[in-house]
Amino acid sequence: MIHFILVQNRQGKTRLSKWYTPYDDIEKRKLSHEIHKIVNSRESKFTNFVEFRTHRIIYRRYAGLFFSMCVDPTDNELFSLEAIHLFVEVLDAYFGNVCELDLVFNFYKVYAIIDEVFLAGELMEPSKQIVLQRMDFLDNLP
């Protein structure tokens, strides 16, 4: 199960956060800060999997953004890494070469995309084309 998804830039500013496990605001800020310190300080020669408290952090860096996902330790790491990649591919196809500013200025669309891809901490839709069709449908609503 996915506990939360974070998208952070290299400076540690959280650009997107989706929480599937309840945390209070102080704990969310603390988790975001700790995860940024961990993933930003790791060298690229290491794996993208990190043991974190009683969970596992799966992350991937795309340009200047870190896409991090906190999952159960029994979950498949490669599946989680592919889920991150699918989410980035959908963002890239939707925005056309997605960048950090797209996430900032179109956050409501990004949250709609993440809600189409993930549901209650699980991957809901593995097809990029179907997600893009649904987003196109939502864009064309009056």
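This is a predicted model, so every value here is computed, not measured.

Asker: Tell me what's going on with the sheet that holds strand E5 (residues 65-71), and back it up with residues and numbers.
Answerer: Ordered in space as E2-E1-E5-E4-E3, the five strands form an open sheet in which the pairing is antiparallel. In this open sheet, the two edge strands, each paired with only one partner strand, are strand E2 (14-19) and strand E3 (49-52). When the angles between neighbouring strand axes are averaged without regard to direction, this sheet yields 20°. Across five bridges, the pairing between strand E1 (residues 2-9) and E2 is antiparallel. Bridge pairing links Leu-6 to Ser-17 in E2. Those strands touched by helix H4 (residues 107-117) are E1 and E2, and its axis lies near 35° from that of E2.

Asker: Which residues make up the side chain of Glu-125, and what are the values?
Answerer: Assignment of secondary structure puts Glu-125 in the loop between strand E7 (122-123) and helix H5 (128-139). Judged by its relative accessible area of 12%, Glu-125 is buried. A distance of 3.2 Å separates the side chain of Glu-125 from the backbone nitrogen of Ser-127, its partner in a polar contact. Once you skip the residues sitting within four places of it in the chain, Glu-125 turns out to touch Leu-86, Glu-116, Val-117, Ile-130, Val-131 and Arg-134.

Asker: Which residues make up the UniProt feature "domain: AP complex mu/sigma subunit" (unreviewed entry) in the protein chain, and what values go with them?
Answerer: Within the UniProt annotation, "domain: AP complex mu/sigma subunit" (unreviewed entry) is assigned to residues 1-140. This span, residues 1-140, is 46% helix and 26% strand, and a straight line between its end C-alpha atoms measures 33 Å.

Asker: Give me the lowdown on the packing of helix H2 (residues 77-95) against H5, citing residues and values where you can.
Answerer: Two elements in contact, H2 and H5, have axes whose closest approach is 10 Å; the angle formed by their N-to-C orientations is 45°. Classed by the angle they form, the pair H2 and H5 counts as oblique. Considering the relative orientation of H2 and H5, their crossing is right-handed. The residues of H5 that touch H2, namely those facing Leu-86, Glu-89, Val-90, Ala-93 and Tyr-94, are Lys-128, Val-131, Leu-132, Met-135 and Asp-139.

Asker: Report on the pairing of strand E4 (residues 55-62), specifying residues and quantitative values.
Answerer: Within E4, six of the eight residues are buried, leaving the element largely enclosed by the surrounding structure. Direction of pairing for E3 relative to E4: antiparallel, over a ladder of four bridges. Looking at the pairing, Phe-49 lines up with Ile-58 of E4. Taken together, E3 and the strand that follows it, E4, pair antiparallel across an intervening segment of two residues, in which Arg-53 is found at a positive phi of about 55°. Note that E4 and E5 share seven bridges and pair antiparallel. Following the sheet pairing, Tyr-62 is matched in E5 by Leu-65. Taking the residues between adjacent antiparallel strands as the criterion, E4 and E5 are bridged by two residues, where Ala-63 takes a positive phi near 55°.

So, how was this worked out
Residue numbers restart at each chain and count upward from 1, following the sequence in its written direction. Given that this is a predicted model, residues contribute local features only at a pLDDT of at least 70 and side-chain atom pairs are listed and counted only at 80 or more, while totals for whole chains, interfaces and linings are drawn from all residues. Note: side-chain values were computed over all heavy atoms of the structure, leaving out hydrogens and water. Any two strands are treated as partners once DSSP identifies two or more bridges connecting them. By the criteria applied, helices consist of DSSP H or I runs no shorter than four residues and strands consist of E runs no shorter than two, each listed in order from the N terminus. Fitted lines through C-alpha atoms serve as axes, helices being fitted only where they are in contact, and the angles separating the N-to-C directions of these axes extend from 0 to 180 degrees. Residue contacts follow a heavy-atom distance rule, with two residues in contact if any of their heavy atoms lie within 4.5 Å. We call a residue buried when its accessible area falls under 20% of the maximum for its residue type, exposed when it is over 50%, and partly exposed in between, using a 1.4 Å probe and counting protein chains only. We call two N or O atoms a polar contact when they sit within 3.5 Å, provided that within protein one can donate a hydrogen and the other can accept it, with sequence-adjacent residues counted only if both atoms are side-chain atoms. UniProt positions are given in the numbering used here, feature names are shortened, and annotations may be inferred rather than shown by experiment. An angle counts as roughly parallel when it lies under 35 degrees, as roughly antiparallel when it exceeds 145, as roughly perpendicular when it falls between 65 and 115, and as oblique in every other case. Definitions for this section: a left-handed crossing has its near helix turned counterclockwise from the far helix by less than a right angle. A right-handed crossing has that turn clockwise.

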